[in-house]
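# Summary of structural features
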Amino acid sequence: MSLTQKIDFPGGGSVEQPLGIFINNEYHKAVDGGTFETINPTTEKPIVALQEATEKDVDLAVAAARKAFEGEWRAVIPEQRAKYLQKLADLMERDAEILAKLESLDNGKAVSMAAGADIPMSIACLRYYAGWSDKIEGRVMDTNPDTFAYTRAEPIGVCGQIIPWNFPLLMWSWKIGPAIATGNVVVMKVAEQTPLTGLYCGKLIKEAGFPPGVINILAGYGKTAGAAIAAHMDVDKVAFTGSTIVGRSIMKAAAGSNLKKVTLELGGKSPNIVFKDADIEQAISWVNFGIYMNHGQCCCAGSRIYVQEEIYDKFLEAFKARAKKNVVGLPHEANTFQGPQVSKVQFDRIMGYIDEGKKAGAKVEIGGERHGNEGYFIQPTIFSGVSEDMKIMQEEIFGPVCSIAKFKTEEDAIKVGNHSTYGLAAAVHTTNINTAIRVANALRAGTVWVNNYNMLHHQLPFGGYKESGIGRELGEAALANYTQTKTVNIRLGGALFG
Ligand code: ADP
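Predicted, not measured: the structure shown is a model, and the values here were computed from it. Residue numbering note: each chain is counted from 1, following its sequence as written. At least 70 in pLDDT is required for a residue's local features to be given in this predicted model, at least 80 for side-chain atom pairs to be given and counted, and no such filter applies to totals for whole chains, interfaces and linings, which use all residues. For side-chain calculations, the full set of non-hydrogen atoms in the structure is used, while hydrogens and water are omitted.

## Quick notes on the site of the ligand
We call a residue near a molecule or strand when any one of its heavy atoms sits within 4 Å of it. Every one of the 17 residues lining the ligand counts as a neighbour, but I163, W165, K189, E192 and S243 are closest to it. Taking K189, its side chain carries an N or O atom lying 2.8 Å from an oxygen atom of the ligand. G222 has a polar backbone atom sitting 3.2 Å from an oxygen atom of the ligand. Summarising the interface, the protein chains cover 83% of the accessible area of the ligand, which totals 550 Å² for the free molecule. Counting from the N terminus, the helices are the DSSP runs of H or I reaching at least four residues and the strands are the DSSP runs of E reaching at least two. Secondary-structure elements contributing two or more residues to the shell around the ligand are α7 (222-231), β12 (237-241) and α8 (244-256). Residues are grouped as follows: Ala, Val, Leu, Ile, Met, Phe, Trp, Tyr, Cys and Pro are nonpolar; Asp, Glu, Lys and Arg are charged; every other residue, Gly included, is polar. Of the residues assigned to the shell around the ligand, the class counts are 8 nonpolar, 7 polar and 2 charged. For the purposes of these results, a polar contact is taken to be a pair of N or O atoms within 3.5 Å, where, inside protein, one atom must be able to donate a hydrogen and its partner to accept one; residues adjacent in sequence count only when each atom of the pair is a side-chain atom. A 1.4 Å probe and the Shrake-Rupley method give the accessible areas. Residues count as covered only by the protein chains that appear here.

Right under this line is the structure:
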């Protein structure tokens, strides 16, 4: 079986796609010989079959990473790490069009979205962390005239990284950037639903000149390859982005093996709060973008919309009109805003939540049905008449489905905003700076947007309060998750102890 295959893109162009497991800068067959298919969510047909990594491949990848970490990589100076990351970013820029089309094909997101956001943001993230590579510093602590004490921010070692399918290459870059900048080595498992761009970039890693074993990429299932990473005795850290339920199992696996360090970026049920003094037209655009961007497949999606009662009716009518204008269609077409959901599993899950909402007595204001009869398309959906205890108000749906409710006072808004086991993000729309800051400070969420939504940036830390996660990605904050502090305390002389 060949380890590459030509894929033709629906809008024109093609790519020679690697299908193997990327270890030591080469693509390999799976040790167990298994393969799995990645499905095109627009046609429901397979795109290609890939080598399926299992525990044995994880073992090989971890061994390669360990060898690199203790060998060649150790001697690479920080400036050179920066050069590798910059070079990788250059190559991704060179191949940006291929990457955008590939991402769209595999995930179902619009090519315009991948080309305008996912790919450039992935590249920018790698460049940002390239800049940090030679700025990883320790401190000198003046404890006593007879000692010289300092700290070093050392890499953790072999980092297992497990990423989801909603922003495949962006999550790849968020994880690889800070890990490499701080001198770690990586065993990455891409999501089984969207393995193509991450695997493709293996080629670019080699071309960028990274020594073998520094970044290894495996495609395979969570319960096998993912679980093997989380439980591995020679993986020093695991960084995971995905569902809260799997996050818990990763923590358990870490606790039950070598107590590897764990960072988690998990689910959300984020409130989007609109005050009566907001710029309504602006607020509607951001509320629409907040829930429907990426087909609602965002951990930070603004899925609970709270509008102050004085403007509720007017807002709802205008929001419905706005959401109906979102073009649901084929990902490669230029004006498409919303493509299919990523998989049959997700499609069924979301449709299940929609049924659940209907049965619980919530009112479907728009949508509530499948869109078309081929592909995993779902109509943008708004529920009203919801109560706080309904499942659709409490659980993450991860689709183009939101609920809208009224609130009376600022105090009420904060109370309902915080009424969730999650705490990933929130937003406030108001023209009053005092309201904005008071509410932003009171919301228990890792990110609060004011008069915008989903404005992520590689310089700004991102992560969850409560059950939305542990640790922060992006910004300087992510470096702390990839370094460990060593204290060196030197006795200079003076009186002997005792
Ligand atoms: P979703 O439900 O959105 O698909 P998951 O949390 O299931 O998200 O998946 C996110 C990533 O975690 C994927 O790469 C998946 O293969 C992986 N994964 C799923 N289950 C496990 C597990 N038990 N252990 C480790 N990784 C897992």
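## Quick look at the nonpolar core
Among the nonpolar cores identified, the biggest contains 131 residues, and M92, W172, F210, F315 and F319 are the most heavily contacted of them. Two domains share this core, each providing at least three of its residues, namely domain 1 (4-266 + 468-485) and domain 2 (271-450). In what follows, a contact means two residues having at least one pair of non-hydrogen atoms within 4.5 Å. Those residues within four positions of M92 in sequence are excluded, and the remaining contacts are L99, S122, I123, L126, L169, W172, S173, C201 and L204. Buried Ala, Val, Leu, Ile, Met, Phe, Trp, Tyr and Cys residues form a nonpolar core when they are joined through side-chain atoms within 4.5 Å. Under the scheme applied here, a residue whose accessible area is under 20% of the maximum for its type counts as buried, over 50% as exposed, and between as partly exposed, the area being computed with a 1.4 Å probe on protein chains only. Note that the domain bounds reflect an automated or database-derived domain assignment.

## Re the UniProt feature "domain: Aldehyde dehydrogenase" (unreviewed entry) in the chain
The UniProt feature table records "domain: Aldehyde dehydrogenase" (unreviewed entry) at residues 33-488. Taken end to end, residues 33-488 comprises 41% helix and 21% strand; its first and last C-alpha atoms sit 48 Å apart. UniProt positions are given in the numbering used here, feature names are shortened, and annotations may be inferred rather than shown by experiment.

## Digging into the UniProt feature "active site" (unreviewed entry) in the chain
What UniProt calls "active site" (unreviewed entry) maps, in this numbering, to E265. Inspection of the secondary structure assignment puts E265 in strand β13 (residues 261-265). Taking the relative accessible area as the measure of exposure, E265 reaches 2% and is therefore buried.

## Section: the sheet that holds strand β20 (residues 425-429)
We treat two strands as partners when DSSP finds at least two bridges between them. The strand order β16-β17-β18-β15-β14-β20-β21 describes an open sheet built from 7 strands, whose pairing is mixed. Both edges of this open sheet fall to β16 (363-366) and β21 (447-450), since each of them pairs with a single strand only. Pairs of neighbouring strands in the sheet enclose a mean axial angle of 25°, with direction left out of account. By the bridge criterion, 3 bridges tie β16 to strand β17 (residues 381-384) in an arrangement that is antiparallel. Opposite I366, over in β17, you have I382 as the bridge partner. Where helix α10 (residues 312-324) meets the sheet, it contacts β14 (271-274), β15 (304-308), β16, β17 and β18 (401-407), and its direction lies at approximately 165° from that of β18. All axes are obtained by fitting lines to C-alpha atoms, using only the stretch in contact for helices, and the reported angles, taken between N-to-C directions, cover 0 to 180 degrees.

## Notes on the sheet that holds strand β24 (residues 483-491)
Read across the sheet, 3 strands follow the order β7-β8-β24 without closing on themselves; strand pairing throughout is antiparallel. A strand with exactly one partner marks an edge of an open sheet, and here the two such strands are β7 (140-141) and β24. Sheet analysis places strand β8 (residues 147-155) next to β24, joined by 9 bridges and oriented antiparallel. Within β24, the position partnered with T151 by the bridge is T487.

## Structural notes on a nonpolar patch on the surface
The patch calculation keeps residues exceeding 30% relative accessible area without a salt bridge and links them within 9 Å when they carry like charges or within 5 Å when they are nonpolar (Val, Leu, Ile, Met, Phe, Trp, Tyr). Whenever Lys or Arg places a side-chain nitrogen within 4 Å of a carboxyl oxygen from Asp or Glu, that contact is recorded as a salt bridge. On the surface, a nonpolar cluster with roughly 360 Å² of combined accessible area is contributed by V140, F148, I490 and L492. Take L492: it is sitting in the segment after β24. L492 gets classed as exposed once you look at its relative accessible area, which sits at 55%.

## Looking at the domain arrangement of the chain
In terms of domain boundaries, the chain breaks down into domain 1 (4-266 + 468-485) and domain 2 (271-450). Centre-to-centre separation of domain 1 and domain 2, based on C-alpha positions: 31 Å. Taken residue by residue, the interface counts 26 residues in domain 1 and 26 residues in domain 2. When domain 1 packs against domain 2, close to 2100 Å² is buried across both sides, 58% of that on carbon and sulfur atoms. In short, buried area is how much 1.4 Å probe accessible area vanishes from two parts on joining, totalled over both. Sorting the residues of domain 1 by area buried against domain 2 places T42, W165 and S468 first, and these three jointly supply 27% of that buried surface. At the boundary of domain 1 and domain 2, one finds 1 salt bridge.

## Section: the packing of helix α3 (residues 96-107) against helix α6 (residues 196-208)
Where α3 meets α6, the closest approach of the two axes is 9 Å, and the angle between their N-to-C directions is 150°. Between α3 and α6, the angle is such that the two are roughly antiparallel. For the pair α3 and α6, the contacting residues are I98, L99, L102, E103 and D106 in the first and L196, T197, Y200 and C201 in the second. Across the contact of α3 with α6, the residue classes tally to 6 nonpolar, 1 polar and 2 charged. Relative orientations are named as follows: roughly parallel for angles under 35 degrees, roughly antiparallel for angles over 145 degrees, roughly perpendicular for angles from 65 to 115 degrees, and oblique for any other angle.

## Section: the pattern of salt bridges
Two side chains carrying opposite charge are able to pair once their charged atoms lie near each other. A full pass over the atoms with the stated rule returns 27 salt bridges. The shortest N-O distance in the salt bridge between D118 and K109 comes to 2.5 Å. Linked through salt bridges whose partners overlap, the residues forming this network are R66, E70, D234 and D236.

## Section: the packing of helix α2 (residues 78-94) against helix α4 (residues 111-132)
With their axes 8 Å apart at the nearest point, α2 and α4 run at an angle of 165° to one another. Between α2 and α4, the angle is such that the two are roughly antiparallel. Between α2 and α4 lies a crossing whose hand is left-handed. For the pair α2 and α4, the contacting residues are A82, L85, Q86, L88, A89, D90, M92 and E93 in the first and S122, I123, L126, R127, Y129 and A130 in the second. When its residues are assigned to classes, the contact of α2 with α4 shows 9 nonpolar, 2 polar and 3 charged. For any helix crossing, the convention is left-handed if the near helix is rotated counterclockwise from the far helix by under a right angle, and right-handed if that rotation is clockwise.

## Re the packing of aromatic side chains
Any two of the Phe, Tyr and Trp rings considered here, Trp counted by its six-membered ring, make a pair once their centres fall within 6.5 Å; the pair's planes then place it as stacked at under 30 degrees, edge-to-face at over 60, or tilted in between. Using the criterion set out here, one finds 16 aromatic pairs in the structure. Ring geometry for F22 against Y27: centres 5.0 Å apart, planes inclined by 55°, an arrangement best described as tilted. For F22, a relative accessible area of 0% puts it in the buried group. With centroids separated by 6.1 Å and ring planes inclined at 45°, the aromatic side chains of F315 and F319 adopt a geometry described as tilted. With F315 and F319 both in helix α10, this residue pair falls 4 residues apart, about one helical turn. What makes F315 buried here is its relative accessible area of 1%. A connected cluster of aromatic rings, assembled from ring pairs, spans W73, Y84 and F210. Charge over a ring is defined by NZ of Lys or CZ of Arg lying within 6 Å of the ring centre and within 35 degrees of the ring normal. Geometry around F69 places R74 over its ring, the cationic atom sitting 5.3 Å from the centre.

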